[in-house]
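What follows is each chain in one-letter form.
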Amino acid sequence: MRFEIMRLDDVDGTAVDSTVVDAASVNGIVRQAAAVGQRIYIRPAENAAS
């Protein structure tokens, strides 16, 4: 399964950029974001079959 991860602006919460990753990569990205206090939003990628 693939997920879209969006980095959010610290002030207003709007998406600054996004990337699509496989499920195995999500944990590392979440840990990295938590370590630096970065806000992210994760959702299943629209085309999960890709």
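Calculation rules
Numbering of residues starts from 1 in every chain and runs along the sequence as written. Predicted model: local features are reported for residues with pLDDT of at least 70 only, side-chain atom pairs are reported and counted for 80 or more only, and whole-chain, interface and lining totals are derived from all residues. For side-chain calculations, the full set of non-hydrogen atoms in the structure is used, while hydrogens and water are omitted. For two strands to be treated as a pair, DSSP must find at least two bridges joining them. Each helix is a run of DSSP H or I of at least 4 residues and each strand a run of E of at least 2, with the numbering of both proceeding from the N terminus. For helices, the fitted axis covers only the stretch in contact; all axes are lines through C-alpha atoms, and the angles between them, taken along N-to-C directions, range from 0 to 180 degrees. Each residue is placed in one exposure class: buried if its accessible area under a 1.4 Å probe, protein chains only, is under 20% of its type's maximum, exposed if it is over 50%, and partly exposed if it falls in between. For this analysis, a salt bridge means a side-chain nitrogen from Lys or Arg found within 4 Å of a carboxyl oxygen belonging to Asp or Glu.

Engineer: Looking at this structure, I do not really get the sheet that holds strand 2 (residues 15–22). What am I missing?
Structural biologist: The strands that make up a sheet are held in pairs by hydrogen bonds between backbone atoms, and each pair lies either parallel or antiparallel. Taken in spatial order, the three strands line up as 2-1-3 in an open sheet, and their pairing is antiparallel. Looking at which strands have only one partner, the edges of the open sheet turn out to be strand 2 and strand 3 (40–44). With direction set aside, neighbouring strand axes in the sheet form an average angle of 20°. Where strand 1 (residues 2–8) and strand 2 come together, seven bridges link them in antiparallel fashion. By the bridge assignment for strand 2, Leu8 is matched with Ala15.

Engineer: Where do I start with the environment of Arg2 in this structure?
Structural biologist: For Arg2, the location among the structural elements is in strand 1. For Arg2, a relative accessible area of 27% translates into the label partly exposed. C-alpha separation for the pair Arg2 and Val26, spaced 24 residues apart in sequence, amounts to 9.1 Å.

Engineer: So what exactly am I meant to see when it comes to the pattern of salt bridges here?
Structural biologist: Pairing between side chains becomes possible if they bear opposite charge and their charged atoms approach one another. Inspection of every chain in the model, using the stated rule, returns two salt bridges. A salt bridge links Asp17 to Arg7; the shortest N-O distance between them is 3.0 Å. Separated by ten residues along the polypeptide, Asp17 in strand 2 and Arg7 in strand 1 bring together distant segments of the chain.

Don't take any of this as a statement about function, it's just geometry.
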